[in-house]
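Architecture at a glance
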Amino acid sequence: MKENIYNTSFAELKSFFIDLDEKAFRAEQLWNWLYVKGIDELSGLNNISKNIINKINEQYYLSQFKVSRSLLSKDGTRKWLFKLEDGKEIETVYIPDKNRGTICVSSQVGCSLSCSFCHTGTMKFSRNLSTSEILGQVMYVKNILKDWNNKTDKKKITNIVFMGMGEPLLNYDNVIKSINVLTDQKGLAFSKRKVTLSTSGVVPKILDFKEDTDVNLAVSFHAAFDEIRDILVPINKKWPIANLLDALKEYSKKRTHKRITFEYIMLEGINDSIKDAKELVKLIKPYRAKINLIPFNPWPGSNYKASSPDQIKVFKKFILDEGKLVATVRLPRGDDVLAACGQLKSF
Ligand code: SAH
Ligand code: SF4
């Protein structure tokens, strides 16, 4: 059986050539074709002989993403529903901004964690995505936007966030492998400072993550009290706030230069009072942290209401003035096409 070449790490590709008695630099040449030039077929690699291309062809194939549906929001955000080789579907979002372009990638089909405010959480978990399926999302959008071979300051895709469907730390190996390819400076060359993984708080994997990569970490915190977090982010029953904060302490010791983003969804009457803000500041104060307030994005059938803009302002002001912490409000993007955070769900 042929393998999907996008599941292969650089080291594995190098071994492939060495096993063939070929020079290891062939791996560099092929890697450059795949991840700098963005070829989508193996013909036309003009610095590699036909004979070697045939051997690559015997072992590997290049996958192509199929689109089931694509939507364009009035704010320029684009969302694609991709059909995978086994017919399962995932979503990917591209969010253009003045000085950057962000891709929000999915890491699983569905999610097993059922956070009560999240649309993806209402889907049954189906399976993990392979490395090629994670990378394929980025490569497809690079194709559409003609974003290959661009100088750094001309790149249309500058940031990657693992904030689409799924819990990335529950698909740990494939996610780390894809991060390594994304941030390989001889390949796709994303800056480690511009790749962010968001987790709902899979504590043991946060401890692994700090060893294995130094891309950014965001934590879906959402509540400062266990009673509330148990309901919003049910994984909290397994790893409550104190455990999560302990893991983040270990993370900070290892990654001293990194700022952890604490994501905090604003739900009217649930977690948006000054009492909540006070507790949040108390818990997060010891960390090099940034709080990202996320107004709840509604979806059909959701039971929550977003906090009012005034309440979000009051909450943010408390964090800034009393807590002396950095806080930003995430503007919803693409919400008219259900492309905003937590609105992703395939049918
Ligand atoms: N599973 C990971 C990453 C995907 S969710 C995680 O939970 O962190 C990405 C972000 O979107 C998380 O912070 C999540 O809490 C947030 N989110 C989910 N549903 C939302 C909704 N309806 N409105 C706003 N943000 C939401
Ligand atoms: Fe899964 Fe994240 Fe949604 Fe929770 S918020 S259900 S962990 S995708």
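Residues numbered from 1 in each chain as written. Chains lettered and ligands numbered in written order. Predicted model: local features only at pLDDT ≥ 70, side-chain atom pairs only at ≥ 80, totals over all residues. Heavy atoms only, no water.

**Brief notes about the domain arrangement of the protein**
Heads up, the rule is: For each domain, the first and last residues come from an automatic or database assignment. Here the buried area means the combined drop in accessible surface, using a 1.4 Å probe, for two parts upon being joined, counting both sides. Salt bridges are identified by distance alone: a Lys or Arg side-chain nitrogen within 4 Å of an Asp or Glu carboxyl oxygen. The definition of a polar contact used here is a pair of N or O atoms within 3.5 Å, where within protein one atom must be able to donate a hydrogen and the other to accept one, and adjacent residues in sequence count solely through side-chain atom pairs. Runs of E in the DSSP output that reach at least two residues are strands. Runs of H or I that reach at least four are helices, and both are numbered from the N terminus. Just so you know the grouping, Ala, Val, Leu, Ile, Met, Phe, Trp, Tyr, Cys and Pro go in nonpolar, Asp, Glu, Lys and Arg go in charged, and all remaining residues, Gly too, go in polar.
Annotation of the protein at the domain level lists domain 1 (3–61) and domain 2 (66–337). Between domain 1 and domain 2, the C-alpha centre-to-centre distance is 33 Å. Summed over both sides, the interface of domain 1 with domain 2 buries roughly 1,300 Å², with 52% coming from carbon and sulfur. Our count for the domain 1 to domain 2 interface comes out at 1 salt bridge. Along the contact surface separating domain 1 from domain 2 lie 8 residue pairs in polar contact (both at pLDDT 80 or more). The leading source of residues in the side of domain 1 that touches domain 2 is helix α2 (residues 25–37), at 6 residues. Across the side of domain 1 that touches domain 2, the residue classes break down as 6 nonpolar, 5 polar and 3 charged.

**Observations concerning the pattern of salt bridges**
The condition that has to hold: We call a residue buried when its accessible area falls under 20% of the maximum for its residue type, exposed when it is over 50%, and partly exposed in between, using a 1.4 Å probe and counting protein chains only.
According to the stated counting rule, one finds 18 salt bridges in the structure shown. A salt bridge links Glu89 to Lys83; its shortest N-O distance comes to 3.9 Å. The residue Arg330 makes a salt bridge to Glu263 at a minimum N-O spacing of 3.0 Å. Of the two residues, Arg330 sits in the segment after β14 (326–329) while Glu263 sits in strand β12 (residues 260–266), which places them 67 residues apart along the sequence. In terms of burial, Arg330 and Glu263 fall into one category: buried. Salt bridges sharing common partners tie together Asp86, Arg127 and Glu133.

**Structural notes on the site of ligand 1**
Stated formally: When we say a residue is near a molecule or strand, we mean one of its heavy atoms is within 4 Å of it. Under the convention used here, a 1.4 Å probe and the Shrake-Rupley method define accessible areas, while residue burial counts only the protein chains that appear.
Neighbouring ligand 1 are 22 residues; Gly166, Ser198, Ser220, His222 and Asn297 lie closest to it. A distance of 2.6 Å separates an oxygen atom of ligand 1 from a polar atom in the side chain of Ser220. Considering ligand 1 on its own, with 530 Å² of exposed area, one finds that the protein chains cover 96% of that surface. When contributions to the shell around ligand 1 are tallied by element, the ones reaching two or more residues are β10 (195–199), β12 and β13 (289–295). Split by residue class, the shell around ligand 1 holds 11 nonpolar, 9 polar and 2 charged.

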